Amino acid sequence: MPSLLELQEVDARYGPVRALHGVTLTVGEGEIVALLGANGAGKTTTLRAVSGTVRRGGTILFDGKELRGGPEAVARRGVAHVPEGRGTFSELTVWENLRLGAYTRRGSIEADIKESLASFPWLEERRNQQAGTLSGGEQQMLAIARAMMQRPKLLMVDEPSLGLAPLVVAEIFRNLKTYNEQQGLTVLLVEQNARNSLAVSHRAYLLETGRVVLSGESDELAQHEGIRRSYLGY
Amino acid sequence: MAAYSRFIVPALLGGCVIFLIVGSLQSSLFAQQTVSGLANGGIYASLGVALVLIYRATQVINFAQGAIATFTTYVAWQLMTWGLSYWPAFFLTLAIAFVGGTLLELITIRPVERRGNVLTVVIATLGVLILVEGSVGWIWGAEIRFMPPAFPAKGIHVGGVSFSLQDLGTIGISIASVVVLWALFKFTKIGLAMRAAAFRPDAARLVGVRVSWMLSLGWGLAAMLGAVAGMMAAASPSVLLQPNMMDGILIYSFAAAVLGGLESPAGAVVAGLLIGAMLNLLGSYVSWITPQLLLPAAFVLMLVVLLVKPSGLFGRTQVRRV
């Protein structure tokens with residue numbers, strides 16, 4: 001499988017604090033890859049390093065070419081990042097949020113808006129509602145729908161289940177799976193809930209204090225002694 | 001308490017409008033003073049919206065806004081002195097203001113904005129104020145000039161009351177420029193991106209919006225609005241074209257922006273028109289209120305709003321569910 005995203009010895013720091021210590025990982029085309037780890041392990045920072053929202057070192061290859069510049073440039077290469085806390089524009093309407101998702105594209109987007117409204121049908125009747133008035137789960141789905149408007153090659157999602165009811169989480173994960181299977185979308189997923197993310201992903205990396213300590217096929221990792229004890233709780 | 005509070009603002013605004021309409025129907029002097037007050041108010045509104053645009057995007061009050069308006073008004077005067085007729089000079093000035101405002105942001109604000117400190121940017125705008133004001137004096141000197149009015153100095157009669165065409169035109173142009181701006185924000189992709197960049201710069205960058213370009217664009221648009229305000233103001237006999245012509249007007253525009261809620265262009269427009277009309281009526285009906293007292297009155301208004309209801313009339317109510 002050709003790799004879409006390759007991180008080689010990637011460092012990142014917040015001011016004087018180093019958050020990543022040489023992370024190396026690959027995401028193949030059409031794969032769902034999960035990043036596991038405790039709070040502060042560097043999962044979110046890894047996504048931020050890719051999207052350029054944090055100062056980074058090392059090499060990041062995307063689609064065979066080095067990924068450089070800030071988030072505006074990275075978005076133009078076809079990387080969509082749904083950050084922690086969703087990054088929806090709460091003052092703007094649902095439709096305007098979707099419109100912004102397609103900001104980097106030219107030409108008509110009406111068909112795509114229709115399509116994304118179709119995968120989240122309740123969005124349709126709320127297209128003129130302020131995004132801030134949606135429930136947490138609806139905002140998360142709007143954030144993902146908006147990212148899909150970008151027609152990304154790689155979708156990075158950070159903690160989509162945070163603070164949401166199990167049924168809503170199940171729907172979100174089902175949607176990610178559908179995008180992956182039907183459109184061949186590559187997904188890099190950060191998720192606190194190891195059980196969910198191992199169930200949806202093909203492969204996973206375990207991060208501890210800014211380093212990759214374990215990686216493998218998701219179903220094998222789910223059987224791994226250490227992972228089971230520390231992250232699955234049985 | 002909370003249940004009543006959302007009716008206070010509409011009630012207050014409705015009361016003011018009814019007061020102005022009933023008064024105008026009762027007395028022709030009242031009607032004339034209301035219209036000429038609204039004309040002043042249109043000028044405050046344009047400059048107020050310019051302040052709001054920049055505040056909303058950067059949380060910074062642009063102290064140089066008045067000086068930039070003065071500069072562009074001199075540009076318009078210069079073009080007319082060189083022989084251009086009014087409207088070509090008007091629109092050419094708007095274009096020059098847009099380019100100038102954009103460049104000004106690029107050269108003076110962007111380098112300090114990167115450091116990310118609001119106070120640094122405020123001080124930079126003070127620097128721009130001094131720079132622009134200085135260049136006006138240096139290029140055109142301190143003498144008072146005569147700026148031709150956009151409209152003939154005639155009156156039109158409506159139901160026995162004579163209104164100045166200049167006043168009506170000023171109201172019309174101020175409102176038209178704000179409406180054009182509103183349409184730009186509401187219906188165009190670039191306008192949507194500018195709003196996104198103002199509300200959530202970090203999230204806007206993630207969808208590919210070049211936020212720093214949006215800020216430059218915002219400065220360009222603000223400078224255009226300032227140019228409209230300046231050209232309208234300079235034609236008024238009580239202001240005239242002189243280097244400090246916008247100083248007083250900037251204070252009224254601050255008051256309009258604050259009363260409107262600082263983040264709301266619509267609020268700045270409504271507040272600007274109200275302030276213009278009310279102050280003009282105060283000045284003409286209350287004998288002990290001399291023109292010198294009107295500027296302090298605007299200050300008092302600003303203080304009261306900031307103390308009692310900092311979100312102003314149209315302040316953005318935070319809608320967020322977690």
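Above this text is the structure in question.
Residues numbered from 1 in each chain as written. Chains lettered and ligands numbered in written order. Predicted model: local features only at pLDDT ≥ 70, side-chain atom pairs only at ≥ 80, totals over all residues.

## Details of the sheet that holds strand β5 (residues 65–66) of chain A
Residues and elements named next belong to chain A.
Logical step 1: If you walk across this open sheet you meet the four strands as β2-β1-β4-β5, and the pairing is antiparallel. Bordering the open sheet on either side are β2 (17–28) and β5, each of which pairs with just one other strand.
Logical step 2: Across two bridges, strand β4 (residues 56–62) lies against β5 in antiparallel orientation. Paired with Leu61 across the bridge in β5 is Glu66. (Pairing = 2+ DSSP bridges. Helix = DSSP H or I, 4+ residues; strand = E, 2+ residues; numbered from the N terminus.)

## Quick look at the packing of helix α6 (residues 165–187) of chain B against helix α9 (residues 211–234) of chain B
Residues and elements named next belong to chain B.
Logical step 1: Contact geometry for α6 and α9: axes closest at 10 Å, N-to-C directions at 175 degrees. One way to sum up the angle between α6 and α9 is to call them roughly antiparallel. Every residue of α9 that contacts α6 at Thr170, Ile173, Ser174, Ser177 and Leu181 is listed here: Leu221, Leu225, Val228 and Met232. (Axes fitted to C-alpha atoms, helices over the stretch in contact; angles between N-to-C directions. Parallel < 35°, antiparallel > 145°, perpendicular 65-115°, else oblique. Contact = placed C-beta atoms within 7 Å.)

## Focus on unusual backbone geometry
All names here are of chain A.
Logical step 1: If you check the backbone angles, Glu9 has positive phi at about 50 degrees while not being a glycine.
Logical step 2: One non-glycine residue with positive phi stands out, namely Asp63, at about 60 degrees.
Logical step 3: Following the sequence through the fold, Asp63 ends up in the loop between β4 and β5.

## Some remarks on the environment of Ala204 of chain A
All names here are of chain A.
Logical step 1: When you line up the elements, Ala204 lands in strand β9 (residues 203–208).
Logical step 2: By the C-beta count within 10 Å, which is 26 here, Ala204 ends up buried.
Logical step 3: Spatially, the C-alpha atoms of Ala204 and Leu98 are 30 Å apart, while their sequence positions differ by 106 residues.
Logical step 4: The contact partners of Ala204, leaving out residues within four places of it in the chain, are Val33, Ala34, Leu36, Ser197, Leu198, Ser215, Ser218 and Leu221. (Buried ≥ 20, exposed ≤ 12 C-beta atoms within 10 Å, placed from the backbone.)

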